[in-house]
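Read off the chains here:
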Amino acid sequence: MTEFALTPNALIQRAGRTWEVVIGLETHAQLATRSKMFSGASTAFGAEPNTQACAVDLALPGVLPVANRAAVACAIRFGLAIGATIAPRSDFARKNYFYPDLPKGYQISQYEVPVVSGGSLAIAWEDRGQHFERRVALTRAHLEEDAGKSLHEDFHGFSGIDLNRAGTPLLEIVTEPVMRSASEAVAYARALHGLVVWLDICDGNMQEGSFRCDANVSVRPAGEQALGTRCEIKNLNSFRFLERAIDYEVRRQIDLIEDGGRVIQQTRLYDPDRDETRAMRSKEDAHDYRYFPDPDLPPLVIEPSWVASVAEQLPELPDQRRARYVSQYSLSEYDSASLTSSRATSDYFEAVLAGFGAAAGPARAKSAANWVMVDLAAALNRDGLEPAASPVRPAQLARLIERIEDGTISGKIGRELFAILWAEPSSEADAPDRLIDARGLRQISDSGELEAMVDTVIAAHPKSVEEFRAGKEKAFNALVGQVMKASRGKANPQQVNDLLRRMLSG
C-alpha cells in the first residue's frame, strides 16, 4: 500500500494530489453501575458464561424493563462535565436488528432525543514534532444497553453465546466529524477515557471492553466541503489499534479512489495481526434499524433539581485543576497537563501537597511534581501498579522532599531512600525520618569534617588540581566526585563545591 506525507495542517499529499481526512468517533463507555441498564442483574466482569443474565436480559415473555437511575445519573454527570445540554425529557427507542447475541431482536437505545446533546472536550497532542490544541465538538451522548457476546473459539467448529453482557449500561458518546488525523483522534480518545474515569462513571478497562471506539473515516479532495463516503471501523479497544486502523483505512480509501474505484459505505473490522481493516457488512443507516419508541418504557424525565444535585457532587474537573496548578503553584502548562492526565496521579499529587501543610508553596509543588512525574511514575510502571497502590505513601514523599530541602539528606540519598521506602512499605508518615537515622543517611554538613575530606582529596589528586588551575572545569567536577565518593554520597554537595573552590584558589 502506498505511503503518504502528512503536511502540518493535516492534509495528505501524494502523487501530486492533496487529500483531507475526516474522522468522527463513536465511543461506548460502560457505566460503573452494579446492575444492568434495565434489570437488576449484576454487571461484574469475569463470571461464568450466562450466569448473570436474568429474565429481563433473556427477553422472556411478560418481563418489563425498568431504567437504572444510577446510569442516568452517570449520563447527567458526563453532560455537565463537557458543558452539554441535559434533556429534561427524552425517550428510549427500540433499535431493531437480528443477531445471535441479541435475545430480544432489538436493542433498547435512544434515538431522536438523547439525554445529552452538544458539549465539547479539550484535547492536546503532538504530531511530527508539532504541538496542537483544540476543542472537539460532541454531537450527543445517549444511554443504551449492550448486547451479549458471540464466542467462536474452543467450541469444536460451533459458536457459543454468552449473555452476561446483555443489558449492561452504556453511554454512547458521538463526536462531530471534525478530526483530521489519526493522532488527533487518539488524543481525543485518550482525553475522553481520562474524563470518564476521572468522573468515576466508567472504569476505563479497555481489555475488558469497558471503553470501545468505533471510527468513522472518509477522505475528500482538499478544499471540498461535501463529505466523502465513510466507513466505520468497529470495536477498537486500544489506542494503538485505533491509530493504526485509521491510518490503514485512509491509505486504503485513497488508493481505491486513485485507482479509479469508489468507496462503499460499510462496517469494517481491524485485524491487528495483519494490520489491516476488512469488510464486515454493508453499513446500515438509521432507517435500516426501524427505530420506534419503546412501548414498555415511559419517557425519561430529568427534573432541574436532579441536575443541580448531580452538579453539586461533581469533582474538580481536569481543566479546572490544571488551571489551578498554573495559577496557585506556578507550575508549567506541561507539568500541569501531565499531572492531570489521570485522576489517580493528580489525587496522589494533591495528597503530597497536603502532606506539606501550609508550607505547600510553588517551590515545593515543583519538587513534588518532579518526583511524581519521574521517580514515582517509573516505579509504578516497572511494577504495574496504580498510584493508589504505591508503597511510598504521599505523606512519606512529602517528608522525603522536606528533608532534601532542609539539607538533612542530598538528592542522591533521597532517591536511595525512596527505593528503600518502596521495598519496605510502611504506613507511618515519619518513616523517612526513622530510616534516615537508622541507616545513617543524614547528610554531612559539618564544615570541619568536610574540610578534612576536601584536603585529603586535593592531596591525593595533584594532577586534577593542576588541570583545574589551568582552566579545565571538568577537573573540578572530578574532584567533587572524589569528595562525594569519600563521603559515600553523604556530603552536602553545595558545601563541597564552595569549600573546594575556596581551598583551590587559596
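Just above, that's the structure.
Rules and cut-offs
Residues numbered from 1 in each chain as written. Predicted model: local features only at pLDDT ≥ 70, side-chain atom pairs only at ≥ 80, totals over all residues. Heavy atoms only, no water. Helix = DSSP H or I, 4+ residues; strand = E, 2+ residues; numbered from the N terminus. Rg over C-alpha atoms; globule rule 2.2 N^0.38 Å. Buried < 20%, exposed > 50% of the residue type's maximum accessible area, 1.4 Å probe, protein only. Contact = heavy atoms within 4.5 Å. Lys, Arg positive; Asp, Glu negative; His and termini not counted. Charge placed at Lys NZ, Arg CZ, Asp CG, Glu CD. Core = buried A, V, L, I, M, F, W, Y, C linked by side-chain atoms within 4.5 Å. Pairing = 2+ DSSP bridges. Expected span 1.5 Å × (residues − 1). Axes fitted to C-alpha atoms, helices over the stretch in contact; angles between N-to-C directions. Parallel < 35°, antiparallel > 145°, perpendicular 65-115°, else oblique. Left-handed = near helix turned anticlockwise from the far one by under 90°. Nonpolar A, V, L, I, M, F, W, Y, C, P; charged D, E, K, R; others polar.

A. Broad picture of the overall build of the protein. Summing up its helical and strand segments, the protein has 15 helices and 19 strands in all. Here the protein has a C-alpha radius of gyration of 30 Å; the compact-globule value for 506 residues is 23 Å, and the former is much larger. Its C-alpha atoms put the protein at 95 × 60 × 50 Å along the principal axes. Looking at the protein as a whole, 49% of its 506 residues are labelled buried. For the protein, contacts bridging at least 24 residues in sequence account for 68% of all contacts bridging at least 6. Placing the 57 positive and 69 negative side-chain charges of the protein at their respective mean positions leaves the two points 2 Å apart.

B. Main features of the nonpolar core. If you look at the biggest cluster of nonpolar residues, it comprises 69 residues, and the most contacted ones within it are Leu25, Phe78, Leu143, Ile173, Tyr188, Ile246 and Ile302. The element contributing the most residues to this core is helix H2 (residues 182–198), with nine residues. If you look at the next biggest cluster of nonpolar residues, it comprises 34 residues, including Tyr348, Phe349, Leu353 and Ala369.

C. Looking closely at the sheet that holds strand S18 (residues 292–293). Spatially, the three strands line up as an open sheet ordered S7-S6-S18, and their pairing is antiparallel. Each edge of the open sheet carries a strand with a single partner, namely strand S7 (106–109) and S18. In terms of strand pairing, strand S6 (residues 93–96) meets S7 through four bridges, oriented antiparallel. Counted as the bridge partner of lysine 95 is glutamine 107 from S7.

D. Examining H2 more closely. In this model, H2 (17 residues) spans 24 Å end to end at C-alpha, consistent with the 24 Å of a helix rising 1.5 Å per residue. Within H2, 14 of the 17 residues are buried, leaving the element largely enclosed by the surrounding structure. One or two steps after H2, the chain reaches aspartate 200, where phi turns positive at roughly 65°.

E. Structural context of the environment of histidine 193. Mapping histidine 193 onto the fold places it in helix H2. Judged by relative accessible area, which is 19%, histidine 193 ranks as buried. Histidine 193 sits 19 residues away from arginine 212 along the chain, and the two C-alpha atoms are 9.7 Å apart. In this view, histidine 193 contacts Gly204, Met206, Phe211 and Phe239; residues no more than four positions away in its chain are not counted.

F. Structural context of the packing of helix H10 (residues 411–423) against helix H11 (residues 431–438). For the pair H10 and H11, interaxial distance at closest approach is 11 Å and the crossing angle is 110°. Between H10 and H11, the crossing angle belongs to the class labelled roughly perpendicular. For the pair H10 and H11, the crossing hand works out as right-handed. Contacts between H10 and H11 involve Leu417, Ile420 and Leu421 from the former and Ala431, Pro432, Leu435 and Ile436 from the latter. Per-class residue counts for the contact of H10 with H11 are seven nonpolar, no polar and no charged.

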